[in-house]
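Listed below, chain by chain, are the residues.
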Amino acid sequence: MAELNEVDTCLRTLLRPEAFRDYGPNGLQVEGRRELRRIVSGVTASLAFIEAAIAAGADTLIVHHGLFWRGQDGRLTGWLKERVKRLLAADVSLFAYHLPLDAHAEFGNNAQFGLRLQLAADARFGEQDLGFIGDAGGAVTAAALAARAELALARRPLLLPGDGRPLRRIAWCTGGAQGYFEAAVAAGADAFVTGEVSEPQAHLARETGVAFLACGHHATERYGAAAVAAQVAARFGIEHRFIEIDNPA
Ligand SMILES: [Zn+2]
């Protein structure tokens, strides 16, 4: 058994939310019961995830995408009311960590996604140092990197192949980090791997020669919350499981 405030402190110490400028509040977003026994982690606090976690007996949820974001008007209506209502009715806590969970050097989304691509970062780049970059481990083709990502994620990436150069330096940033492409190019990357793609990146890949892979926002961010939650659960000797709610985007 763990106390809610102990788990809260543990997460804050591990993820250092005070070091980031973020789009929403990091940490405890919805407060539930004080004594914790079972953590369920997931990518997004969607209604489907909340319901599945409660059905699995969770008293604590740890996710990457929480409920509250800058730009919302603050009303608990519609879909947001439904999600919050489930949590409050079940007296379940929701912890959400966004950028701090992307950035953590060992358990974060970028580090964990890198592991699955057989990549380790030796430097960081981009805004708030969220981008990871490292050696490809020999000269890799863009097609081989795409195949590696497909095997790891069970999802075919969209590949903008660049100029076909051998890849020696590979940069990556999970989720909707297509805006980091230019910073990746400036950091010396031969390829940039992220979750999403937008229209401008097709032109930039052609004109800079740097390959771009969009592997899915959800798919690239499946691993950080689970890794962090597993650490916390082990620390307190409580249960943890990850629940996947498929998302094609
Ligand atoms: Zn994300």
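Reading the values: rules and limits
Residues numbered from 1 in each chain as written. Predicted model: local features only at pLDDT ≥ 70, side-chain atom pairs only at ≥ 80, totals over all residues. Heavy atoms only, no water. Helix = DSSP H or I, 4+ residues; strand = E, 2+ residues; numbered from the N terminus. Rg over C-alpha atoms; globule rule 2.2 N^0.38 Å. Buried < 20%, exposed > 50% of the residue type's maximum accessible area, 1.4 Å probe, protein only. Contact = heavy atoms within 4.5 Å. Areas by Shrake-Rupley, 256 points an atom, 1.4 Å probe, with all protein chains shown as cover. Pairing = 2+ DSSP bridges. Axes fitted to C-alpha atoms, helices over the stretch in contact; angles between N-to-C directions. Arc of directions from axis to C-beta. Donors = N, O, S within 2.8 Å, 3.2 Å for Na, K, Ca; no water. Lys, Arg positive; Asp, Glu negative; His and termini not counted. Salt bridge = Lys/Arg side-chain N within 4 Å of Asp/Glu carboxyl O. Polar contact = N/O pair within 3.5 Å; in protein donor to acceptor, adjacent residues only side chain to side chain. Right-handed = clockwise from strand over helix to strand, strands pointing away.

Participant: Help me understand the overall build of the protein, please; the structure alone is not making it clear to me.
Facilitator: From N to C terminus, the protein includes ten helices and 13 strands. Relative to a compact globule of 249 residues, whose C-alpha radius of gyration would be 18 Å, the protein shows 19 Å and is just as compact. Principal axes of the C-alpha set define a box for the protein whose edges measure 55 × 35 × 30 Å. A total of 249 residues make up the protein; the buried ones form 51% of that total. Long-range pairs, those at least 24 residues apart, make up 67% of the contacts in the protein with a sequence separation of at least 6. Within the structure as shown, the protein displays about 11,200 Å² of accessible surface, and the carbon and sulfur contribution to it stands at 51%.

Participant: What is the right way to read the sheet that holds strand E11 (residues 191–194) from this model?
Facilitator: Within a sheet, each strand pairs with its neighbour through backbone hydrogen bonds, oriented either parallel or antiparallel. An order of E7-E8-E10-E11-E12-E9 is seen for the six strands of this open sheet, with the pairing classed as mixed. Lying at the two open borders of the sheet, with one neighbouring strand each, are strand E7 (123–125) and strand E9 (158–160). Pairwise comparison of adjacent strand axes, ignoring direction, gives a mean angle of 25° for this sheet. Inspection of the sheet shows E11 paired to strand E12 (residues 211–214) by four bridges, in the parallel sense.

Participant: Could you clarify how one ought to interpret helix H8 (residues 199–208) in this entry?
Facilitator: Residues spaced three or four apart along an α-helix face the same direction, because each turn holds 3.6 residues. Looking only at H8, the buried set comprises Gln 201, Ala 202 and Ala 205. With its buried residues spanning 110° around the axis, H8 presents them on a single face. Every exposed residue of H8 that faces more than 90 degrees away from the buried side is listed here: Glu 199 and Glu 207. Buried residues in H8 make contact with E9, helix H7 (181–186) and E12. Note on H8: the residue one or two positions beyond its end, Gly 209, has a positive phi of about 80°.

Participant: Got a minute to help me understand the coordination of the zinc ion in this structure?
Facilitator: Geometry sets the ideal angles at a metal, namely 109.5 degrees for four tetrahedral donors and 90 or 180 degrees for six octahedral donors. The zinc ion binds to the protein through His 65 (NE2), His 217 (NE2) and Glu 221 (OE), with metal-donor distances spanning 2.1 Å. Site description for the zinc ion: donor spacing in sequence, H-x151-H-x3-E. Placement of His 65 in strand E5 (residues 60–65) and of His 217 in helix H9 (residues 217–220) is noted, with a sequence separation of 152 residues between them. The exposure class assigned to His 65 is buried, which follows from its relative accessible area of 13%.

Participant: Where do I start with the side chain of Asp 59 in this structure?
Facilitator: Tracing the chain through its elements places Asp 59 in the loop between helix H2 (47–55) and E5. One buried charged side chain, Asp 59, makes no salt bridge at all; its nearest oppositely charged neighbour is Arg 33, positioned 4.5 Å away. A distance of 2.7 Å separates a polar atom in the side chain of Asp 59 from the backbone nitrogen of Arg 37. Aside from chain neighbours lying at most four places away, what touches Asp 59 is Arg 33, Glu 35, Leu 36, Arg 37, Arg 38, Asp 91, Val 92 and Ser 93.

Participant: Mind showing me how you'd approach the sheet that holds strand E13 (residues 239–242) here?
Facilitator: In space, the five strands of this open sheet follow the order E2-E6-E5-E4-E13, with mixed pairing throughout. Edge positions in the sheet fall to strand E2 (27–30) and E13, since each has one partner strand and no second. Pairwise comparison of adjacent strand axes, ignoring direction, gives a mean angle of 30° for this sheet. Its contacts with the sheet put helix H1 (residues 4–15) on E2, E5 and strand E6 (93–96), and the angle it makes with E6 is roughly 5°.

Participant: I keep staring at the pairing of E11 and nothing clicks. Help me out?
Facilitator: Regular strands show a simple pattern: their side chains alternate between the two faces of the sheet. In E11, alternate side chains face the same way, and those of Ala 191 and Val 193 on one face and Phe 192 and Thr 194 on the other are all buried. Two strands pair when backbone bridges link them, and strand E10 (residues 167–172) and E11 are joined in this way by three bridges, in the parallel orientation. The residue of E11 that forms the bridge with Ala 171 is Phe 192. Regarding topology, H8 serves as the crossover connection from E11 to the parallel E12, and that connection is right-handed.

Participant: So what exactly am I meant to see when it comes to the pattern of salt bridges here?
Facilitator: As a working rule, side chains carrying opposite charge can pair if their charged atoms are close by. This model, assessed by the stated rule, comprises 14 salt bridges. Across the pair Asp 190 and Arg 165 runs a salt bridge, and its minimum N-O distance is 3.2 Å. Here Arg 165 lies in the loop between E9 and E10 and Asp 190 lies in the loop between H7 and E11, a separation of 25 residues in the sequence. Among the residues examined, Arg 165 registers a relative accessible area of 27% and is labelled partly exposed. If you follow the salt bridges from partner to partner, you end up with Glu 51, Lys 81, Glu 82 and Arg 86 in one network.

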